[in-house]
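# Fold and contact review
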Amino acid sequence: MLRSLMTPRWLLLHALFIVATIATGFLAVWQWDRAHEAGGSFQNLGYALQWPLFGAFTIFLWIKMIRMDFAQQRGEAEPASSVESEEEEDTATAPSEGPERRRSRPLVPPPAPPVDPDEDPELAEYNRYLAGLDQSDQRTS
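Criteria and thresholds
- Residues numbered from 1 in each chain as written.
- Predicted model: local features only at pLDDT ≥ 70, side-chain atom pairs only at ≥ 80, totals over all residues.
- Heavy atoms only, no water.
- UniProt positions renumbered as here; feature names shortened; annotations may be inferred.
- Helix = DSSP H or I, 4+ residues; strand = E, 2+ residues; numbered from the N terminus.
- Buried < 20%, exposed > 50% of the residue type's maximum accessible area, 1.4 Å probe, protein only.
- Contact = heavy atoms within 4.5 Å.
- Expected span 1.5 Å × (residues − 1).

## Notes on the UniProt feature "transmembrane region" (unreviewed entry) in the protein
Mapped onto the present numbering, the UniProt feature "transmembrane region" (unreviewed entry) falls on residues 12-32 and 44-63. Annotated as 100% helix and 0% strand, the span residues 12-32 places its first and last C-alpha atoms 30 Å apart. End-to-end, the C-alpha atoms of residues 44-63 are 29 Å apart, and along that stretch the chain is 100% helix and 0% strand.

## Here's the deal with the side chain of Thr24
By the element assignment, Thr24 lies in helix α1 (residues 8-35). We classify Thr24 as buried; its relative accessible area is 9%. Ignoring any residue separated from it by four or fewer positions in sequence, one finds Thr24 in contact with Trp51, Phe54 and Gly55.

## So, α1
Counted at 1.5 Å a residue, the expected span for α1 with its 28 residues is 40 Å, and the 40 Å between its end C-alpha atoms agrees. Among the residues of α1, those classed as buried are Trp10, Leu13, His14, Phe17, Thr24, Ala28, Gln31 and Ala35. Packing partners of the buried residues in α1 comprise α2 (42-74).

Dropping the structure here:
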């Protein structure tokens, strides 16, 4: 598995992440020095504190990409959250449809129930307006 991290693509990515992390360190030091000069401000101080966070995010992203690559090589899909992992458990018991994942809800939500004009006359009028727009749009296309 470690050999896959030595491909030309990954070597370029390693170099990019290393350069980005070092650059954020230099930018943090530069902003720190600017904050302590005569023309420095709190904005420079804020940037000096913000650049290390960007560097930490770069390292986090680097590790995440390596883990995703390993998971892809093993043929697994890394769950993005616990909600998705629960959905996968539910769909695991259902018959599989191949490589595509089965959706637990429709792509288009069902239409809302009609509004009685006596209940909410403004909403009923707005719904009539939208229905008229939809009809005129269907006629032009």
